[in-house]
2 protein chains.
Amino acid sequence: MRNLFLPLLFILLQPVSAMNNKIDLSWSVGYSASKNETPKKFVHAEVPGAVQLDIARAEKYPPLAFDENYRSFGWMEDNFYTYRTTFSCPELNGQRLFFHSNGIDYQFDLFLNDKLLFSQEGMFTYVDIDLTDHLQKENELKILIYPVPKLHASPADRTQAAHVAKPPVSYGWDWHPRLVPLGIWDDTYLEIRNEAYLIDFFMHYELSDSFDLARLILWIDGNQLTDKYYSWKLTDMTGNEALIAEGKISANKSQVSGLELKNPELWWPHDHGTPYLYTSVLQIKNKEGEILDEEVRKIGFRRVKLVMNEGAWNEPDDFPKTRSVPPAQIEINGHKIFAKGSNWVNPDIFPGRINRERYAELIAMGKNANFNIFRIWGGGIVNKESFFELCDEMGMLVWQEFPLACNNYPDDQHYLSILEQEATSIVRRLRKHPSVAMWCGGNELFNSWSGMTDQSLPLRLLNSICLEYDPHTPYNPTSPLMGMAHGNYIFRYFDGKEVFQAMNDAHFTAYTEFGMPGLSPRSVLEKIIPKQELFPPKPGTAWEAHHAFNAWVGATWLCDDILDFYFGKAKNLDELIEQSQLLQSEGYKAIFEEARRQKPYCSMAINWCYQEPWPTAANNSLIVYPDIPKPAYFAVSDACRPVCGSARLPKFQWKENEYFSADLFILNDKFEKSAGYTLRAKLQCENDTIEILRWDSPALQPNQNIAGPTVRYRLPHWQGDRFKLLIEVDGKPEYNSEYTLLYSPDELKEKKTATMNLD
Amino acid sequence: MRNLFLPLLFILLQPVSAMNNKIDLSWSVGYSASKNETPKKFVHAEVPGAVQLDIARAEKYPPLAFDENYRSFGWMEDNFYTYRTTFSCPELNGQRLFFHSNGIDYQFDLFLNDKLLFSQEGMFTYVDIDLTDHLQKENELKILIYPVPKLHASPADRTQAAHVAKPPVSYGWDWHPRLVPLGIWDDTYLEIRNEAYLIDFFMHYELSDSFDLARLILWIDGNQLTDKYYSWKLTDMTGNEALIAEGKISANKSQVSGLELKNPELWWPHDHGTPYLYTSVLQIKNKEGEILDEEVRKIGFRRVKLVMNEGAWNEPDDFPKTRSVPPAQIEINGHKIFAKGSNWVNPDIFPGRINRERYAELIAMGKNANFNIFRIWGGGIVNKESFFELCDEMGMLVWQEFPLACNNYPDDQHYLSILEQEATSIVRRLRKHPSVAMWCGGNELFNSWSGMTDQSLPLRLLNSICLEYDPHTPYNPTSPLMGMAHGNYIFRYFDGKEVFQAMNDAHFTAYTEFGMPGLSPRSVLEKIIPKQELFPPKPGTAWEAHHAFNAWVGATWLCDDILDFYFGKAKNLDELIEQSQLLQSEGYKAIFEEARRQKPYCSMAINWCYQEPWPTAANNSLIVYPDIPKPAYFAVSDACRPVCGSARLPKFQWKENEYFSADLFILNDKFEKSAGYTLRAKLQCENDTIEILRWDSPALQPNQNIAGPTVRYRLPHWQGDRFKLLIEVDGKPEYNSEYTLLYSPDELKEKKTATMNLD
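Rules behind the numbers
Residues numbered from 1 in each chain as written. Chains lettered and ligands numbered in written order. Predicted model: local features only at pLDDT ≥ 70, side-chain atom pairs only at ≥ 80, totals over all residues. Heavy atoms only, no water. Helix = DSSP H or I, 4+ residues; strand = E, 2+ residues; numbered from the N terminus. Buried < 20%, exposed > 50% of the residue type's maximum accessible area, 1.4 Å probe, protein only. Contact = heavy atoms within 4.5 Å. Pairing = 2+ DSSP bridges. Axes fitted to C-alpha atoms, helices over the stretch in contact; angles between N-to-C directions. Buried area = accessible area lost by both parts, 1.4 Å probe. Salt bridge = Lys/Arg side-chain N within 4 Å of Asp/Glu carboxyl O. Polar contact = N/O pair within 3.5 Å; in protein donor to acceptor, adjacent residues only side chain to side chain. Nonpolar A, V, L, I, M, F, W, Y, C, P; charged D, E, K, R; others polar. Phe/Tyr/Trp six-rings, centres within 6.5 Å; stacked < 30°, edge-to-face > 60°. Least-squares fit on C-alpha atoms with pLDDT ≥ 70 in both.

Some points on the environment of E77 of chain B
All names here are of chain B.
- Structurally, E77 can be placed in the loop between α2 (51–58) and β4 (80–88).
- Look at E77 and you get buried, because its relative accessible area is 10%.
- Along the sequence, E77 and D627 sit 550 residues apart, while their C-alpha atoms lie 28 Å from each other.
- Not counting residues up to four positions away in its chain, the partners in contact with E77 are P147, V148, K150, R178, V180 and L182.

Below you can see the structure in the form of structure tokens.
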């Protein structure tokens, strides 16, 4: 493959040098209409950041998220941008000076003192250039950024990005405005290094079947390492030395094998154990014992597999007979776990603004929502290093996609060579993280709107790269695969079915996308929509620019048609928000819980989507930009508790005298056995609470739900228009669940009552 | 990948030397119980052949195929075998002497004058050893063959081969006796070569979108080629020079690029054009122009793709929504063709006996049956070179599987390294053949009885190898994939449905296996079954050993339960044979034609199976060993005619007074337009022929079937118990079709008539 698609392979890995001196730079940026034209003026540039942010700051643009202000950034797409910085040559004393960047978006040339030193296409391959031989006393470094790549002039949508390894989301999506970032988007600096330095260090390991032994191989890759010495130490979380190795290095690329760690502590997702991390320290030394370079990182031991879902081998049954569905059951360290989580999208329109603190806050919220997995959706970026460090630490699994989504990425040689460069960089970087549990080619590539197939060379190439560099982590070409499902994204489907019926009838191994739209809170809406447009929401206003109308199909994401159907016209904004958020909460709860009830055939519930890149008016997100949880966030957190009562509901809307029914369950993802519980099902409307069933469940077996009775109860006459089903667990209020449903009294009886009153 | 699984990669390709002298050897073989024990005696060995054949010949075993004689070979599985030959050292004059073999089955050591020179596991990697430096005046060459590899002692079935790249079929299958060949199975000789010789030569090409230009790269790989000269010539089928290239060679592995062939004649499968072949001659010369080595081969230009089946993108429709099925539509040179063919199994228990003549005969019969594809089923061998040369010449497409079938091949490093070696050899050898249209990992690997999944490393590895060496030929991990189907293999299904109903209701993109069992003719039965056992067939006799009973499920392959159901107990063997062959013929016709009627959503009909490795009593095969066509062969040939009348029948068994019905079609796989035809549907019973409908069809559009009317006719009173539906095409008798169906007169009426006669 190498030969065919990538004649010149520049794979630049993370510089692992901790010993060396970093020098920060101060940047400015300017733009020009053509490549050879010098920008007329330069303004201060924040690095990492984006050229658009620098210009908006310098030219005092009004807030991007308000009204339709984002449109004023449109003109910036087709310019060239020049980043410029100057620096004096430091004293090197035989050392070397490198320029290093963790990411420059998207195509660029790098000049030192007007000499072209390097060019690259691709924002996920680290840039690492030895400047030493080109240095003057005073130096000017320039990075020329090419315009937004576009396959064609129109339509101005994601299809413009069908030929590049640049995230297509910023070309416009149903929840993302058209705004395509460019520029230096990750840590960037000068670095003084010794002649001998590490380029890459990888600790490969394999766990024995019984997990009592890890066999290790250290892969050391560096410059001028021959005849140097390595010293490697692994310490556990208590600071005790677990393993050491030392020796002479015979070549720049070396392997140290034969290392064994007995009874390694295993890394677990947070809801099934401790995300145990060891500390690895590798030092490169010279004969005198002087440390020339060093890498310090956290390392975790885990085995992850995708295995067949229980019952999946029994299908298909009939002749002519096709194949069984592919596996979608995650097995960690020999344990089959139910994956609960959310689709992670870019938490900012400008990835350059995302930092460790933003990541930490959002990952912690995921953990608090009882999630154990994020699917890093292929329409967005591959996150920065700190994201993965934090997932490692917090015990959050990562389903990592490559930057392909909803396009037909071509078989052509240029695209394949860039994809190979980018994917190789990504896999070699991320395979070191125990949290990375699955590779995936990208989003919805095997559906009609994308048009890729199993024969598409980009996906065969990604399979091959993952196999080469990380063979023991699963690879899927896309999501959904056969047996897995995406959608729907509304409470009431186009055919009139509600989410309840559709989900109760569904039979899939994994629900890896499903949405439920809800309005943002008033405080957010007031920040993005002009006051006079706030109520009632109308198409063609800031509501539409913020995805409330015509974002996906018809009335999405406001779904005013569905709200009207259930509630009639809302009288004011607060009422509308409350109704929308109620549907979002109850809808999401229904899907998460039903997916769990379908365990073990079903093994995953991952909603669309977690957060959002800017404040939307209405969206499927659980968290409004930047970090505001919607009520649905809490409903979902409840639905994902390791153990909880649950009810399968046949529908949302009920009437007086109708037989209410619901199937009771205890959902249980824990591996500990426990005694049974007493559950009470109660109906509650306003002040009226009726216990309709008491169920003494059998004992809980590890990782097994218990199906209980179906309650049936003729609905009485109530005054309210809503009621609740309460599932209460005696002595375990933390396992209680509740569902809010709509109610209407018998109209005839109402009329009769009214008439009687008149009499 | 290379690094992980194959620390020492020996990929030995076909020696392409035509200039050099081959020396045939005379071999003997002996066996011993252990590796270090010398055989007590040696007997003459036929090479290529198998050790079992040599021993049986020497020890005058009775005919293998008769009765249960094959069982007497069982003891041979667990011995070591030593092949021995002696030769005098030829005069070399600075040349080199090589030992070369195209295949040694399965694991072996090679000794020259008792010195171990080479070891290998794997029968598909050519063996090519330079003996020169180890030669004495008189030499003894020995090849020690290891016993049949077995993963476990029991069960003694295909699962014993789940860890090797040896075809599992010989471990016993429902149509193959347990008999596992060992030994030298392909051409083997000594060869005198110049110091400079070719190891491999590959002409890579890519066709322009409009097929008017082929861009070529010549890959030359050899020994001592530096500073030699190459001279390459391509001539067309009329002997005219199409392209030449000459130059100096700079390294042992060299590329010549920049070559272009304008308006190349394209290679087509025989039913869509000429399988056009060019002749390529590559010569290696020294400065003086002396030819040092030469390769002559046929080359064809074609582009093959697997594209989406028409309509497949429209499914699935409902939410939650999974992916569309993978593509199964073959596109050759931009034309979507319907693939009609058969599953090719080993045409002999002992692949060593198969030669060019056997291949030629069988491939020609396939062509005459209007087949355009063979699926080379993964349970058997990868065929010898002459098979592919003949498919190239005769315009037959090849779907080539790797030797994996119905087992769970493991992720372990040893197996992966052998698979990598074997698959690399296979792909590098076969990619040169235009007939090879598809790679496939193996048979039914994603079904419960195998247990492999999309995550299995052997299949990910095969994808990676095919991508590396032959990226523009499609790769599927197995058959069936989702949307494709295997089975059923009987006329009347377990649930009582007939093949007619089951197939008419089916909705698949490709039927890549479907069987219909039939008895062999009497002449064959008499050669394999003792006279006293011939009738009636009983389990526990030679009938069972020849797969008539308990071969697959229950009564297969005789299916006496089904025969009894339709015909009652047969009175004699000839009647039984006739009934069985009728069901086979009508059943196969129904499936092939229905699959074609489902075009364009359906794109393939490939029956199970074409031939057989020994004479069976009953089998799904169309051709009885070695080359005897069953009646079904001719029925299938008719069903596969490029243009023909066709009828979709709802069932097999009809009664007097019932409304007979059938949907009329014209099946058309041709790309030429033509005027419409007049079709006449007739019913015929004994001497009574009734025309029940005349249909004037519209004009034929390229590669499109035409659906016509549904005929309905109340069945009259007939005396016979069978009748025929005739579809006659005015002026085109070669497009006529006919179907034989069962008939029963009204019983009450019969009785009444009988009573009346009595009166």
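Let's talk about the sheet that holds strand β17 (residues 253–262) of chain A
Residue and element names in this part refer to chain A.
- Spatial ordering of the open sheet is given by β13-β14-β17, a layout of 3 strands whose pairing is antiparallel. Only two strands of the sheet have a single partner each, and these edge strands are β13 (197–207) and β17. With direction set aside, neighbouring strand axes in the sheet form an average angle of 20°.
- Alignment of strand β14 (residues 213–223) against β17, held across 8 bridges, turns out to be antiparallel. Looking across to β17, one finds that D221 is bridged to K253.

With respect to the interface of chain A and chain B
- Contact residues are listed per partner, giving 57 residues for chain A and 57 residues for chain B.
- Here chain A meets chain B over a buried area of about 4800 Å², counting both sides, of which 62% is carbon and sulfur.
- The largest per-residue losses of area from chain A upon contact with chain B belong to F319, R323 and R460 of chain A, which jointly make up 16% of the total buried on that side.
- Linking chain A to chain B there are 2 salt bridges.
- For D454 of chain A, the salt bridge identified is with R323 of chain B, shortest N-O distance 2.7 Å.
- At the junction of chain A with chain B, the criterion picks out 21 residue pairs in polar contact (both at pLDDT 80 or more).
- Elements that contribute at least two residues to the side of chain A that touches chain B include exactly α1 (2–5), α6 (457–469), β27 (475–476) and β28 (484–486) of chain A.
- Considering each element in turn, the side of chain A that touches chain B owes the most residues, 8 residues, to α6 of chain A.
- Classifying every residue of the side of chain A that touches chain B gives 35 nonpolar, 16 polar and 6 charged.

A closer look at the packing of aromatic side chains
All names here are of chain B.
- The tally for this structure, following the rule as stated, stands at 104 aromatic pairs over all chains.
- With a centroid separation of 6.3 Å and an interplanar angle of 50°, the aromatic rings of F108 and F118 are classed as tilted. Of this pair, F108 sits in strand β7 (residues 107–112) while F118 sits in strand β8 (residues 115–121), placing them 10 residues apart in sequence. Each of the two residues, F108 as well as F118, counts as buried.

Here we look at the relation of the copies chain A and chain B
- Note on the identical chains: chain A maps onto chain B by a rotation of 180° and an axial translation of 0.0 Å, with an RMSD of 0.1 Å. The operation mapping one copy onto its partner corresponds to a two-fold rotation axis. Using C-alpha coordinates, one finds that chain A approaches the rotation axis most closely at S464 of chain A, a distance of 2.5 Å.
- Take the interface residues of chain A: 96% of them recur as interface residues in chain B, which is what a same-surface contact looks like.

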